Amino acid sequence: MGAKQFNVAVAGATGAVGNQMIACLEEMNFPVKSLRLLASARSVGRQLRFRGDMVPVEEMTEGSFAGTDIALFSAGGAASQRFAPAAAKTGCVVIDNSSAWRMDPQVPLVVPEVNPHAVADYRRKGIIANPNCSTIQMVVALNPIHRRFGIRRIVVSTYQSVSGTGKKAIEELFNQTRAMINFLDVETRVYPHRIAFNCLPHIDAFLENGYTKEEMKMVNETRKILEDDSIGVTATTVRVPVFFGHSEAVNIETREHAAVEEVRALLSVAPGVKVVDDPQAHRYPLPIDAAGQDLTFVGRIRQDESIPNGINLWIAADNIRKGAATNAVQIAQVLAERYL
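All of these numbers come straight from a predicted model, not from anything done at the bench.

J.: Could you clarify how one ought to interpret the overall build of the protein in this entry?
T.: What the protein contains, in helices and strands, is eight helices and 13 strands. When its C-alpha atoms are laid out on the principal axes, the protein stretches across 60 × 55 × 40 Å. Looking at the protein as a whole, 54% of its 340 residues are labelled buried. In the form shown here, the protein has an accessible surface area of approximately 15,000 Å², with 50% of it arising from carbon and sulfur atoms. Each charge class in the protein was averaged separately, 36 positive and 36 negative side chains, and the resulting centres sit 4 Å apart.

J.: Whenever I open this one, the state of the cysteines confuses me. Can you help?
T.: Disulfide: a covalent bond connecting the sulfur atoms of a pair of cysteines. Counted by the stated rule, this structure contains zero disulfides. Between Cys 199, a free cysteine, and Cys 133, which holds the nearest cysteine sulfur, the sulfur-to-sulfur gap is 17 Å.

J.: Honestly, the packing of aromatic side chains in this entry has me stumped. Any pointers?
T.: Between two aromatic rings, the relevant description is the distance of the centres plus the angle of the planes. Summed over the entire model, instances satisfying the criterion amount to four aromatic pairs. On the basis of an interplanar angle of 40° and a centroid distance of 6.1 Å, the ring pair of Phe 6 and Phe 30 is categorised as tilted. In this pair, Phe 6 is assigned in strand β1 (residues 6-11) and Phe 30 in the loop between α1 (16-27) and β2 (32-39), connecting sequence segments 24 residues apart. Overall, Phe 6 belongs to the buried group, its relative accessible area being 3%. Consider the rings of Phe 65 and Phe 73, whose centres lie 5.5 Å apart with planes at 20°: the pair is stacked. Classification of Phe 73 as buried rests on a relative accessible area of 0%.

Scoring rules and cut-offs
- Residues numbered from 1 in each chain as written.
- Predicted model: local features only at pLDDT ≥ 70, side-chain atom pairs only at ≥ 80, totals over all residues.
- Heavy atoms only, no water.
- Helix = DSSP H or I, 4+ residues; strand = E, 2+ residues; numbered from the N terminus.
- Buried < 20%, exposed > 50% of the residue type's maximum accessible area, 1.4 Å probe, protein only.
- Areas by Shrake-Rupley, 256 points an atom, 1.4 Å probe, with all protein chains shown as cover.
- Lys, Arg positive; Asp, Glu negative; His and termini not counted.
- Charge placed at Lys NZ, Arg CZ, Asp CG, Glu CD.
- Disulfide = S-S within 2.5 Å.
- Phe/Tyr/Trp six-rings, centres within 6.5 Å; stacked < 30°, edge-to-face > 60°.

See below:
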């Protein structure tokens, strides 16, 4: 990436995704000149490790971004709406992990394996949006199929881990599981129902159309990233008692006929994808194998025999890494290499 280095800030540094953003900056050898860690006032005084040094956490204010080149945001939608424009005014480019800016027509929504060219549009508002975790892994897998055969319709059901909700949800699953195994009373605080040994067909708030916000994010974001509003998308998103890693059952109808062998060959060379597809040997993508990885794993590739041009896929990825932090740092890499 050359000798140029960048002053970087991580907003929401003490959260699960913020922690992973810091780790990804180090792992991916991003050219960081200086690193500022920002969070709410209650986190001030904490220190987090980066490249062997302990970096203090500061309170995020409108003035936190002077002299900063790139800010990775994972502080929630309200904080992003408040602080991202303030950061952009200083000349800092914000890469935001919340849903606050994703559908803003002036803000690019980027998955580097799919639409890296969209990063150029950061100049409009100084903000680039990181897509929803479940959308990212799906479009990484579907993009090569769409470019080759055209996708008419997508039906997706997700199996999403509790880490997508945050640290408190991880603790809740752990505590509920321990309580049940020991025949103790179960406390429910994060989710409306017990998550241990259960599945909740409910992620984010319900809308008037009967879908949840999470489901409609997948619909709208997929079309924006693939740059094709003609694709029909319908989603059912489900929270499952898994700590890390989202899985998805995806059914697609293509415009041109796609043979299973062609799809498998296409995905085997696709950027960011690893095909794990040998059912006879019990090999298929598992969230426990995806955890800690940056690839999107695809398997169970098979013809949908109910329609002429149908394909079924099973997709798994680490929602905290590729679904959030890694994707954000990959966007930063594109930004640094091509535009800054």
